[in-house]
Amino acid sequence: MTAVPSKTECTVLIVEDDQDIRDALRDVLELDGYEVVEASNGKEGLDRLSAIVRPCFILLDLMMPVMSGREFLAVLRETDVLATIPVVVVSAWPDEAARVCERTQGFVKKPVSLDALLSLVQKFCKASPRAVFSLTPAGSRNPEDGDRLKTTRKEPNA
Amino acid sequence: MKTSDDPLERASILLVDDRPSNLLSLEAILSRPDYDLVLAGSGPEALAAVLRREFAVILLDVAMPGMDGFETAATIKEREQSMRVPIIFVTASVYDMEHIYHGYSVGAVDYLLKPINPHALRAKVAVFVELYRQRKQIERQAARLREAELAAERHRHERIEYAYRESEALYQRTFEEAAIGIGHASPDGAFVSVNRRLCEILGSTRDELCGRRLQEFAAGDDAAALVQRIATLDVGQESYHGEHRLTTAGGTQVWVALTLSALRTAVQGDDSRSVIVVVDDISERKQLELERSRLLRELRDGILARDNFLSIAAHELKTPITPLRLQTASILRDARVRPDSPMSRETLYQRLESIDRAAARLESLIDRLLDISHLSVGKLTLEREDVDLTALLRNVVARLRRDAEREGASLTLVDAPATLIGSWDRLRLEQAVTSLVANAIKYGRGKPVEVGLDVEGDVARLSVRDHGIGIPEEAQARIFDRFARAAPVMHFGGFGLGLWTVRRIVEAHHGRVTVRSSPGEGAEFIVELPLPAAKGSPRPNAAAPRKREETRP
């Protein structure tokens, strides 16, 4: 089992328009001691990023009103200070996720399982945020990300 | 017609002598009922008689003053008409004999010496008369034969003529009565002859049609194409077949199958072509084809929309699974990993509440699906009761206000009468209004949403107005169809059946729902419900029995 990380070090931004899903993701992550910031669309997500400590990674829904996940990604990757934040797409549509894979560091299919979620935080939050970013620069997508997510999901609970 | 059994043909005999006593004597000897004796006193008299009638034999006295017998005979023999008439010269001189046989190559010639022996005279005359009669009979038979041949020929000719006329008439009738339009046209397309059906198809009389050109009935480009077709037709080459839309003289459109063939018109020489135009009215078939392809398109669209709907429905149903699975897995993991310090009762309660909410959401989604399925296949049963529409709207607005605020929008009921009572199905109307308001919130981009109600005559007019993305004009016509959705599928959740359900409900109430929108400026949905005669009654009659009504989709 992973040691509970310090809250200040490990913040996760959830950008998702469905409140029930957002609540559930937050509940689970908070129970494990992670700091969670919520946004109900891309625009809110960008607003939150300007106000909070840099998150370890972003869980991003694609289909949202006001500003979609795609639009959010486009702005994020164009903004210097935000460009290197890892983004994991949470979507029911693998085809849609594939269309933005160049700009993301992973994909979790809805409905999201607890294992998939926990392996994500283990992957992106185990080191200090600064260290993670130096290892995974923006634009250099790891082609194994998808596979790794699949295999980690099958692992028993840590 | 004469036959051989006829009485003896009368024979004319010319007696020529300058002495009347001799003539009398000859006449006396030869007189018989079947002889016509003609007397001539001189050569010229004899010639005159020969001109008038045909004689079986001529008795000619040789010695006559003036024109003698030989001279007379020579003249008779010169004439085509009389050259074959046998002549018996009567002479007293045997020296005349040489003359008699000399120089007459045509026709029989004989003689009698004076004094005349009556028996010899009769016998000689009888021989010539018999010869004459035989010749006449042969001539008659030949004439009869010729006549018979002529009659047969005439008959055959008449039969051919009749057959030709019959055939001509048959072809003419076939051309005229054919159930297909046929016409002949000159190489420039001008009609020369047309049949009745062609007149019918082109809506013109024969006189109007003849002289007009086929391409005049076609439109623009098609007319030019027809001119080209006609110009390139070649005798003996393949005909042209095509479907064209023509405009009749009366202005109606008619679809025709057109066949054009070139025909050589021999009378006018090798270079002359004529065009056979065959026109079949296929408007009905064309109409059916169009109708069929329309139905096919509708069907295909319907199937596509349904597949689309199924995909969306599956996605919608999956959404609550995420909180369900996450929360249950989290509780289970907590129990397994931290059995000694379980989550607080408060946290557990919160988790279970979340699970309950997800389950409720699933249930509601399934209910909606079932409702849609029910509305699709079956009847919509209305449970009418007295309903205060204002109160109903107020409830819906209060219930959805939280959702609106979550989207940053205000939701208000504006301009509604204090009460508006009508006989409606409360639950179905609530469903319809909820659907319209939820749509307005969903597509409203966080701008204010206004719900209004007023009465126009005996119609309650309910409106839901947003200031969001609006609906493109081309989509407005179909948003009330099943599975229709104006916004891109991936963009907003929902079954895409909300407005269809609204329409079903409103129409079941004998009302109608319409939309006014311009993209970018929001949309206003208007529901018009007929009010019963006792509308606006301030005191709802609680005892009024519920009426059941059924409508079919």
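Residues numbered from 1 in each chain as written. Chains lettered and ligands numbered in written order. Predicted model: local features only at pLDDT ≥ 70, side-chain atom pairs only at ≥ 80, totals over all residues. Heavy atoms only, no water.

**Student:** A description of the nonpolar core should follow, citing residues and the corresponding values.
**Tutor:** Counting residues in hydrophobic clusters, the biggest one holds 49 residues, and the most contacted among them are B:L389, B:L411, B:W424, B:V437, B:L462, B:F525 and B:L529. If sequence neighbours within four positions are ignored, B:L462 has contacts with B:L389, B:L393, B:V433, B:G452, B:L453, B:F525, B:I526 and B:V527. The next biggest cluster of nonpolar side chains, apart from the first, holds 26 residues, and it includes A:V90, A:A116, A:L118 and A:L120. (Core = buried A, V, L, I, M, F, W, Y, C linked by side-chain atoms within 4.5 Å. Buried < 20%, exposed > 50% of the residue type's maximum accessible area, 1.4 Å probe, protein only. Contact = heavy atoms within 4.5 Å.)

**Student:** Please give an account of the interface of chain A and chain B that cites residues and values.
**Tutor:** With 28 residues of chain A at the interface, the matching set in chain B holds 29 residues. At the boundary of chain A with chain B, total buried surface from both sides reaches about 2800 Å², with 58% on carbon and sulfur atoms. Taken together, the connections running from chain A to chain B amount to six salt bridges. B:R361 serves as the salt-bridge partner of A:D20, at 3.0 Å between the closest nitrogen and oxygen. The tally of links between chain A and chain B comes to eight residue pairs in polar contact (both at pLDDT 80 or more). Of all elements in the fold, only α1 (19-31) and α5 (114-125) of chain A reach the threshold of two or more residues within the side of chain A that touches chain B. Ranked by the residues each element gives to the side of chain A that touches chain B, the list is headed by α1(A), at 10 residues. Split by residue class, the side of chain A that touches chain B holds 16 nonpolar, three polar and nine charged. (Buried area = accessible area lost by both parts, 1.4 Å probe. Salt bridge = Lys/Arg side-chain N within 4 Å of Asp/Glu carboxyl O. Polar contact = N/O pair within 3.5 Å; in protein donor to acceptor, adjacent residues only side chain to side chain. Helix = DSSP H or I, 4+ residues; strand = E, 2+ residues; numbered from the N terminus. Nonpolar A, V, L, I, M, F, W, Y, C, P; charged D, E, K, R; others polar.)

**Student:** Break down the packing of α1(A) against α5(A) for me, with residues and values.
**Tutor:** Two measures define how a pair of helices packs: the angle their axes make with one another and the distance between the axes. All names here are of chain A. Running from amino to carboxyl end, α1 crosses α5 at an angle of 55 degrees, the nearest separation of the two axes being 11 Å. Taken together, the axis directions place α1 and α5 in an arrangement best described as oblique. Considering only the axes of α1 and α5, their crossing is right-handed. Judged by residue contacts, L25, V28 and L29 of α1 engage L114, L117 and V121 from α5. Taken together, the residues of the contact of α1 with α5 break down into six nonpolar, no polar and no charged. (Axes fitted to C-alpha atoms, helices over the stretch in contact; angles between N-to-C directions. Parallel < 35°, antiparallel > 145°, perpendicular 65-115°, else oblique. Left-handed = near helix turned anticlockwise from the far one by under 90°.)

**Student:** Please provide a residue-by-residue account of the packing of helix α13 (residues 426-442) of chain B against helix α15 (residues 498-508) of chain B, values included.
**Tutor:** Residues and elements named next belong to chain B. The contact between α13 and α15 brings their axes to 9 Å, and the two run at 145 degrees. Helix-helix and strand crossings are classified by hand; for α13 and α15 the assignment is left-handed. Counting all contacts with α13, which are made through R428, L429, Q431, A432, S435, L436 and N439, the residues of α15 involved are G498, L499, T501, V502 and I505.

**Student:** Residues and numbers for the pattern of salt bridges, please.
**Tutor:** In the structure shown here, the tally under the stated rule is 46 salt bridges over all chains. Residue A:E44 pairs with A:R48 through a salt bridge whose shortest N-O separation is 3.3 Å. With A:E44 and A:R48 both in helix α2 (residues 42-51), this residue pair falls four residues apart, about one helical turn. The salt bridge involving B:R10 is made with B:D36; its shortest N-O contact spans 2.7 Å. Of the two residues, B:R10 sits in the segment before β1 (11-16) while B:D36 sits in strand β2 (residues 35-40), which places them 26 residues apart along the sequence.

**Student:** Tell me what's going on with helix α3 (residues 69-78) of chain A, and back it up with residues and numbers.
**Tutor:** All names here are of chain A. Burial in α3 covers these residues: G69, F72, L73, L76 and R77. Buried residues in α3, looked at end-on, bunch into an arc of 120 degrees, giving them a common side. Looking at the buried positions of α3, the neighbouring elements they touch are β1 (11-15), α2, β3 (57-61) and β4 (87-91). (Arc of directions from axis to C-beta.)

**Student:** Can you lay out the sheet that holds strand β17 (residues 523-530) of chain B for me, pointing to particular residues and giving the numbers?
**Tutor:** Backbone-to-backbone hydrogen bonds join strands into a sheet, with any given pair of strands oriented parallel or antiparallel. Residues and elements named next belong to chain B. What the five strands build is an open sheet, ordered β12-β14-β15-β17-β16; its pairing is mixed. The open sheet terminates on both sides in strands that have one partner only, identified here as β12 (411-414) and β16 (512-517). Across the sheet, the axes of successive neighbouring strands diverge by a mean angle of 15 degrees, strand direction being ignored. Sheet topology places β12 next to strand β14 (residues 449-456); four bridges connect them, and they run parallel. Looking at the pairing, T412 lines up with E450 of β14. (Pairing = 2+ DSSP bridges.)

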